[in-house]
Amino acid sequence: MRRTFRSLRSFNYRVWAAGALVSNIGTWMQRAAQDWLVLTQLTDHSASAVGIVMALQFGPQLLLMPWSGLAADRFNQRRLLMVTQATMGSLSLILGLLTVTGLVQLWHVYVFAFLFGCSAALDAPVRQTFVAELVGDADLSNAIALNSTSFNAARMIGPAVAGFVITSVGTGWAFLFNGVSFMAVLTSLSFLRKSELRPNARARRTKGGITQGFRYVWSRYDLRATLVMLFLIGTFGLNFPIFISTMAVGVFHTDARGFGLLSSMMAVGTMSGALMAAHRERPRFAALMLGAAVFGVGCTLAALAPSYWLFGAALIVIGVASLTVLNTSNALMQLSTEPAMRGRVMALRLGVALGGTPIGAPIVGWVADHLGPRWALGVGAAAGFAAAIVAIIALWQRNVDAGHRGLPRAAE
């Protein structure tokens with residue numbers, strides 16, 4: 001147990017984690033409320049509209065990828081985080097006021113999803129690489145996993161609370177709570193002990209600094225394989241708002257509370273997967289391969305589930321698998337990358353994992369609308385199995401290369 005939570009020995013990490021937990025609960029409240037608002041109040045159960053919102057929210061991860069990564073490598077990360085967190089909090093408050101006053105329209109949600117996505121695109125690589133400043137490389141893998149544990153503990157709490165708030169006082173109040181919750185992160189950032197931070201190496205201003213990240217990743221077959229896997233699962237598999245909302249409404253005919261409970265059940269799996277990752281001494285590529293395969297199995301089980309509770313159980317399996325893929329890829333890529341390149345490599349990782357959503361979400365939404373939610377889950381299952389095949393090929397290539405050099409064959 002002590003090994004699992006070893007990063008909490010750091011004062012700065014404890015303060016950061018406390019603020020992040022509060023903010024993460026608000027974030028998951030907003031995500032659930034946003035999906036419910038679009039699906040049941042602004043449209044007539046249109047999964048395609050939910051897909052468009054997802055595309056607008058995650059598309060900036062891909063569009064701004066070169067600049068967001070360079071900013072993470074070049075500028076003071078703590079100050080940059082304060083700017084991005086304050087911006088996202090303000091956007092949530094404005095959307096909440098529009099919703100509470102009854103003025104919100106579908107195009108409003110589209111615009112705010114895009115603006116929120118632009119802020120998050122700049123925030124994400126900074127936030128991920130900032131962890132190394134809090135704990136150093138020795139506990140980096142553990143801190144990444146504990147961050148995911150916090151994020152998914154909030155995922156278990158936030159949608160369930162959102163469901164209660166929506167049915168009790170209205171959707172807009174979930175957005176308002178999220179806006180206020182960003183104050184927790186801003187407060188934690190202001191309370192950090194600057195003398196105990198371990199600043200990452202800053203990138204120098206050089207010609208071609210933006211493209212350096214692309215060249216660096218292309219020169220590494222292990223990084224290339226990881227990004228291909230993330231593209232497949234991120235584009236066609238991580239469309240949980242579509243999967244859960246369409247199954248909840250269209251197949252099991254549940255209300256907002258039942259929808260929120262399904263999201264929380266999935267969070268049980270994701271939090272379990274994060275804790276498993278935190279307990280590992282170091283990330284292994286074989287775990288990445290296994291996670292992709294189990295993701296495919298979980299989506300298959302969810303697509304075939306005959307009842308609400310069996311569907312929820314399948315979501316737990318999907319949650320464990322998805323966190324195994326995301327956490328392992330994060331730790332592997334950060335620990336194997338030069339410190340001055342981490343921001344750009346993480347921006348590429350996030351751009352590939354989330355930036356494919358503008359492609360995949362509308363496709364999956366169309367499949368859900370025209371063929372049914374179960375077929376949409378089948379698309380996610382195919383993505384998981386395809387990613388596992390990519391991992392098998394990469395491990396085979398590693399063994400071939402090791403054999404040519406007379407080195408022991410890779411077992412991880």
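Note that this is a predicted model, so its numbers are computed, not measured.

The rules behind each value
- Residues numbered from 1 in each chain as written.
- Predicted model: local features only at pLDDT ≥ 70, side-chain atom pairs only at ≥ 80, totals over all residues.
- Heavy atoms only, no water.
- Helix = DSSP H or I, 4+ residues; strand = E, 2+ residues; numbered from the N terminus.
- Rg over C-alpha atoms; globule rule 2.2 N^0.38 Å.
- Buried < 20%, exposed > 50% of the residue type's maximum accessible area, 1.4 Å probe, protein only.
- Contact = heavy atoms within 4.5 Å.
- Axes fitted to C-alpha atoms, helices over the stretch in contact; angles between N-to-C directions.
- Parallel < 35°, antiparallel > 145°, perpendicular 65-115°, else oblique.
- Left-handed = near helix turned anticlockwise from the far one by under 90°.
- Nonpolar A, V, L, I, M, F, W, Y, C, P; charged D, E, K, R; others polar.
- Salt bridge = Lys/Arg side-chain N within 4 Å of Asp/Glu carboxyl O.
- Patch = residues over 30% accessible without salt bridge, like charges linked within 9 Å, V, L, I, M, F, W, Y side chains within 5 Å.
- Areas by Shrake-Rupley, 256 points an atom, 1.4 Å probe, with all protein chains shown as cover.
- Phe/Tyr/Trp six-rings, centres within 6.5 Å; stacked < 30°, edge-to-face > 60°.
- Lys NZ or Arg CZ within 6 Å of the ring centre and 35° of its normal.

Draft legend 1. Broad picture of the overall build of the protein chain. Looking only at helices and strands, the protein chain features 16 helices and zero strands. Scaling as 2.2 N^0.38, a compact globule of 412 residues should have a C-alpha radius of gyration of about 22 Å, and the protein chain matches this with 20 Å. Considering only C-alpha atoms, the protein chain reaches an extent of 60 × 45 × 45 Å along its principal axes. Counting over 412 residues, the protein chain shows a buried share of 59%. Partitioning the contacts of the protein chain with sequence separation of at least 6, the portion at a separation of at least 24 is 87%.

Draft legend 2. How the structure looks around the packing of helix 9 (residues 221-236) against helix 12 (residues 285-304). In contact at an axis separation of 12 Å, helix 9 and helix 12 are set at 20° when each is read in the N-to-C sense. It follows that helix 9 is roughly parallel to helix 12 by the angle criterion. For the crossing formed where helix 9 meets helix 12, the hand is left-handed. Only Phe285, Leu288, Met289, Ala292 and Phe295 of helix 12 make contact with helix 9, whose side of the interface consists of Asp222, Ala225, Thr226, Met229 and Ile233. Looking at the contact of helix 9 with helix 12 residue by residue, the class counts come to eight nonpolar, one polar and one charged.

Draft legend 3. Representation of the pattern of salt bridges. Enumeration over the complete set of coordinates arrives at three salt bridges. Its salt-bridge partner being Glu196, residue Arg193 comes within 3.1 Å of it at the nearest N-O pair. In this structure Arg193 comes out as partly exposed when scored by relative accessible area, which is 39%. Linking Arg220 and Asp222 is a salt bridge whose minimum nitrogen-to-oxygen distance equals 3.0 Å.

Draft legend 4. Looking closely at a nonpolar patch on the surface. Taken together, Leu63, Leu64, Trp67, Trp107, Val111, Phe114 and Leu115 make up a surface patch of nonpolar side chains, about 690 Å² in accessible area. Mapped onto the fold, Leu115 is located in helix 5 (residues 106-135). Its relative accessible area of 37% is what places Leu115 among the partly exposed residues.

Draft legend 5. Spotlight on the packing of aromatic side chains. This structure, assessed with the given rule, holds eight aromatic pairs. Through a chain of ring-to-ring contacts, the aromatic side chains of Phe252, Tyr308, Trp309 and Phe311 assemble into a single cluster. Geometry around Trp28 places Arg31 over its ring, the cationic atom sitting 4.7 Å from the centre. Sitting above the plane of the Phe11 ring, Arg193 keeps its charged end 3.7 Å from the centroid.

Draft legend 6. Examining the packing of helix 1 (residues 11-42) against helix 6 (residues 140-168) more closely. The N-to-C vectors of helix 1 and helix 6 enclose an angle of 40°; their axes lie 7 Å apart at closest approach. Here helix 1 lies oblique to helix 6, going by the angle between them. At the point where helix 1 passes helix 6, the crossing takes the right-handed sense. When grouped by side-chain class, the residues that make up the contact of helix 1 with helix 6 number 22 nonpolar, four polar and two charged.

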